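# Close look at the chain arrangement
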Amino acid sequence: MTIQGAQLTTEALIALGYVCTWIALSSGVIMFNKYVLSFFGFPFPILLTMIHMLFCSMMAFLIIRVFKLVQSNDIDNQTYVRKIVPIGGLFAISLWLSNTAYIYLSVAFIQMLKALMPGAVYSVGCVMGIEQFTYQRLLNMLLITFGVCVASYGELNFHLLGVIIQLASVCAEAFRLGLVQIILNSEQLKMNSITTLYYVSPACFLFLLVPFCLLEMPKYMDDQTGMLLSQPHILLLNACTAFALNIAIYLLIGKTSALTMNVAGVVKDWLLIAISSIVFDAPVTKVQLFGYAISFLGVLYYNYSKYKDREREIAEPKFDAKDLPLMGNETKDNSSNDSTSKGID
């Protein structure tokens, strides 16, 4: 084996290690949250999310400001309030509802419902004007939705409130992603998973204070829940796992690409459905698997079509009227009109 071949093999093995680490941590955080909320005796999804945000904020501060391992953007107060705070608010809602759903639904079924995310993101993108509506894409979204409906029909422990909460979480996350694309891209703010924690987590924590005080604090202050304080290491380990996941995302995208993460996410979803159904004794029916397989194929086609669209955008040559030779007034006018039309599109 040549030196170049050995180097490529080493890089491939390193990338595979990052992928496996991300899959393990991502699945671990989801199953750990399910255990804490449903089996450990800590039915406080808002407080659990606040603990995550507080811990991640502290760790991100140490990494960026103390040890200076990651470079951050310099964001002034006005930009932070107008751009970052709204994202933090939607992120708080998304995490709060997503964690709440674990109280009512199985991990496997929640993963199946999350297959609706591309449809939600696309719909929100069309409303916000960042996605172009096509009937082909609409049929793709209907296929995914049909598969999720079949999977829901086959769910043995169907809970309507849990489904509504999870769908609301998907919608909140879709709006957050759309807002991120509009706000951060317009401001040319480049943020990775660590800098996102540094800026967004404190805002997310503050937003969660209000629903916590209204909904969970009276129950948490009950004397019967005092025994939960006797095992704080469980909650600390849970927060550490959540932060480790963000480190894994930072390394995975930094060493590979977002496309690699998307492909790895497909593998993770199937593994998580299989493992969680065994660990938490939550059987998955054949009807559910059939329905999720339909959604899975729809999501694969959606990701493939988005990838090809991006390839065409990169490969498409960009002409400027001023670079064309002047062969007469008529040609000049037509060239200018074409250039303007492309700019509007």
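Up top you'll find the structure we're talking about.
Given the structure is predicted, the values throughout are model-derived calculations rather than measurements.

## Comments concerning the packing of aromatic side chains
Summed over the entire model, instances satisfying the criterion amount to 13 aromatic pairs. Summarising the aromatic geometry, the rings of Phe 42 and Tyr 220 are spaced 6.5 Å apart at their centres and angled 75° between planes, so their arrangement reads as edge-to-face. Here Phe 42, found in the loop between α1 (3–38) and α2 (45–66), pairs with Tyr 220, found in helix α8 (residues 193–220); they are 178 residues apart in sequence, far enough to count as distant. For Phe 42, a relative accessible area of 2% gives the class buried. Summarising the aromatic geometry, the rings of Phe 133 and Tyr 135 are spaced 5.3 Å apart at their centres and angled 75° between planes, so their arrangement reads as edge-to-face. Of the aromatic side chains, those joined through ring pairs into one cluster are Phe 32, Tyr 35 and Phe 40.

## Points about the side chain of Thr 195
Following the sequence through the fold, Thr 195 ends up in helix α8. Since its relative accessible area comes to 1%, Thr 195 is described here as buried. In terms of polar contacts, Thr 195 uses its side chain to reach the backbone amide nitrogen of Asn 192, at 2.8 Å. Discounting chain neighbours no more than four positions away, the residues touching Thr 195 are Ile 64, Val 70, Gln 71 and Ser 72.

## A few points about the packing of α2 against helix α9 (residues 232–255)
Each pair of packed helices gets described by two things: the angle between the helix axes and the distance between those axes. It is the contact of α2 with α9, at a shortest axis distance of 9 Å, that shows an interaxial angle of 55°. Here α2 lies oblique to α9, going by the angle between them. Crossing of α2 over α9 shows right-handed handedness. Between α2 and α9, the contacting residues are Leu 48, Ile 51, His 52, Phe 55, Cys 56, Met 59, Ala 60 and Ile 63 on the first element and Leu 235, Leu 236, Asn 238, Ala 239, Cys 240, Ala 242, Phe 243, Asn 246 and Ile 247 on the second. In the contact of α2 with α9, the residues fall into 14 nonpolar, three polar and no charged.

Criteria and thresholds
Residues numbered from 1 in each chain as written. Predicted model: local features only at pLDDT ≥ 70, side-chain atom pairs only at ≥ 80, totals over all residues. Heavy atoms only, no water. Phe/Tyr/Trp six-rings, centres within 6.5 Å; stacked < 30°, edge-to-face > 60°. Helix = DSSP H or I, 4+ residues; strand = E, 2+ residues; numbered from the N terminus. Buried < 20%, exposed > 50% of the residue type's maximum accessible area, 1.4 Å probe, protein only. Polar contact = N/O pair within 3.5 Å; in protein donor to acceptor, adjacent residues only side chain to side chain. Contact = heavy atoms within 4.5 Å. Axes fitted to C-alpha atoms, helices over the stretch in contact; angles between N-to-C directions. Parallel < 35°, antiparallel > 145°, perpendicular 65-115°, else oblique. Left-handed = near helix turned anticlockwise from the far one by under 90°. Nonpolar A, V, L, I, M, F, W, Y, C, P; charged D, E, K, R; others polar.

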